[in-house]
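These are the residues of each chain, in order.
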Amino acid sequence: MIRFLVIIVSVLLFYMEPIFGLFSPIELNGDFYVLVPRFLIMYLIFVSIYYDRKRAMLYALFFGLLYDVFFIDIIGLYSFIYPLMCLVASFVVKFVHQHLIVATILTLILVAVVESLLFLFYTFIGIKTMSFTDFYQYNLIPTMIANLVFLLMFGWAFKYILLNRFNQKALLLQK
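Cut-offs applied
Residues numbered from 1 in each chain as written. Predicted model: local features only at pLDDT ≥ 70, side-chain atom pairs only at ≥ 80, totals over all residues. Heavy atoms only, no water. Core = buried A, V, L, I, M, F, W, Y, C linked by side-chain atoms within 4.5 Å. Buried < 20%, exposed > 50% of the residue type's maximum accessible area, 1.4 Å probe, protein only. Helix = DSSP H or I, 4+ residues; strand = E, 2+ residues; numbered from the N terminus. Contact = heavy atoms within 4.5 Å. Expected span 1.5 Å × (residues − 1). Axes fitted to C-alpha atoms, helices over the stretch in contact; angles between N-to-C directions. Parallel < 35°, antiparallel > 145°, perpendicular 65-115°, else oblique. Left-handed = near helix turned anticlockwise from the far one by under 90°. pLDDT = per-residue confidence, 0-100. Salt bridge = Lys/Arg side-chain N within 4 Å of Asp/Glu carboxyl O.

Student: Describe the nonpolar core, with residues and values.
Tutor: Counting 48 residues, the largest nonpolar core has Leu-13, Tyr-43, Ile-49, Tyr-78, Tyr-82 and Leu-162 as its most contacted members. Secondary structure elements with two or more residues in this core: helix H1 (5-21), helix H2 (39-50), helix H3 (53-71), helix H4 (77-93), helix H5 (100-125) and helix H6 (132-174). Not counting the four nearest positions on each side in its chain, Leu-162 is found in contact with Val-6, Tyr-43, Phe-46, Val-47, Tyr-50 and Tyr-51.

Next up, the structure:
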């Protein structure tokens, strides 16, 4: 059962994102703040850091394509960005320590890059018409705060699951 735990968590997070997306936007003092849950990409970045880069990129390609098909009309956007972020995370981790705090900071930076790339792409093709300062104030900062709260609650669990699976895989290879 633990063999399938990595993919089961990925599927659960894929289905949780739109559910938590229903709570957005939030109105405070007459301003609307958009909270975009990025649970799956954060988990996939943890997979690339603590488990296996190739599997993380394969899962990112698969779930990115699913995200493109089910949630947006542009095929290839998420299926390009998700594996790219997993690849970047795995290369950065080669030069820094794999501590949970470092992984959390790296994950948050890469989520900010994902959000910025999506904003730039949507602005370029004319879907979004807001300025970068409005995007930064009303979308990026609230999204980063919400995803930080999620990572603070579940980051240690992700690391524990992935390291246990990695250790189990290593033990099987030794036999």
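Having seen it, we continue.
Student: Tell me about H2, and name the residues and values.
Tutor: Counted at 1.5 Å a residue, the expected span for H2 with its 12 residues is 16 Å, and the 16 Å between its end C-alpha atoms agrees. Of the residues making up H2, those classed as buried are Phe-39, Leu-40, Ile-41, Met-42, Tyr-43, Leu-44, Ile-45, Phe-46, Val-47, Ser-48, Ile-49 and Tyr-50.

Student: Got a sec to walk through the side chain of Thr-143? Specific residues and values, please.
Tutor: The residue Thr-143 is located in helix H6 in this model. Discounting chain neighbours no more than four positions away, the residues touching Thr-143 are Val-34, Leu-35, Val-36 and Glu-115.

Student: Give a description of the packing of H2 against H5 that names residues and reports values.
Tutor: At a minimum axis separation of 10 Å, H2 and H5 run at an interaxial angle of 135°. Considered as vectors, H2 and H5 are oriented oblique to each other. Of the two elements, H2 crosses H5, and the hand of that crossing is right-handed. Listed contacts from H5 to Ile-41, Met-42, Ile-45, Phe-46, Ile-49 and Tyr-50 of H2 are Leu-100, Ala-103, Thr-104, Leu-106, Thr-107, Leu-110 and Val-111.

Student: Hey, could you go over H4 for me, with residue numbers and the actual values?
Tutor: Its 17 residues give H4 an end-to-end C-alpha distance of 25 Å, which sits within 8% of 24 Å, the value for a rise of 1.5 Å per residue. Those residues of H4 that fall on the buried side of the exposure criterion are Leu-77, Tyr-78, Ser-79, Ile-81, Tyr-82, Pro-83, Met-85, Cys-86, Ala-89, Ser-90 and Val-93. Residues of H4 that are buried sit in contact with H1, H2, H3 and H5.

Student: I'd like a description of the confidence of the model for the protein chain, backed by residues and values.
Tutor: For the protein chain, the average pLDDT comes to 88, and 93% of its residues sit at 70 or higher. At the low end of the mean pLDDT range in the protein chain sits H6, at 83; at the high end sits H4, at 94.

Student: Could you give me a rundown of the pattern of salt bridges, with the residues and numbers involved?
Tutor: Taken as a whole and judged by the stated rule, the model has two salt bridges. Of the charged contacts in the structure, one is a salt bridge between Glu-115 and Arg-38, with a shortest N-O distance of 2.5 Å. Highlighted residues: Glu-115 in helix H5 and Arg-38 in the loop between strand E2 (31-33) and H2, separated in sequence by 77 residues. For Arg-55, the salt bridge identified is with Asp-52, shortest N-O distance 3.9 Å. On the accessibility criterion, Arg-55 (32% relative accessible area) is partly exposed.

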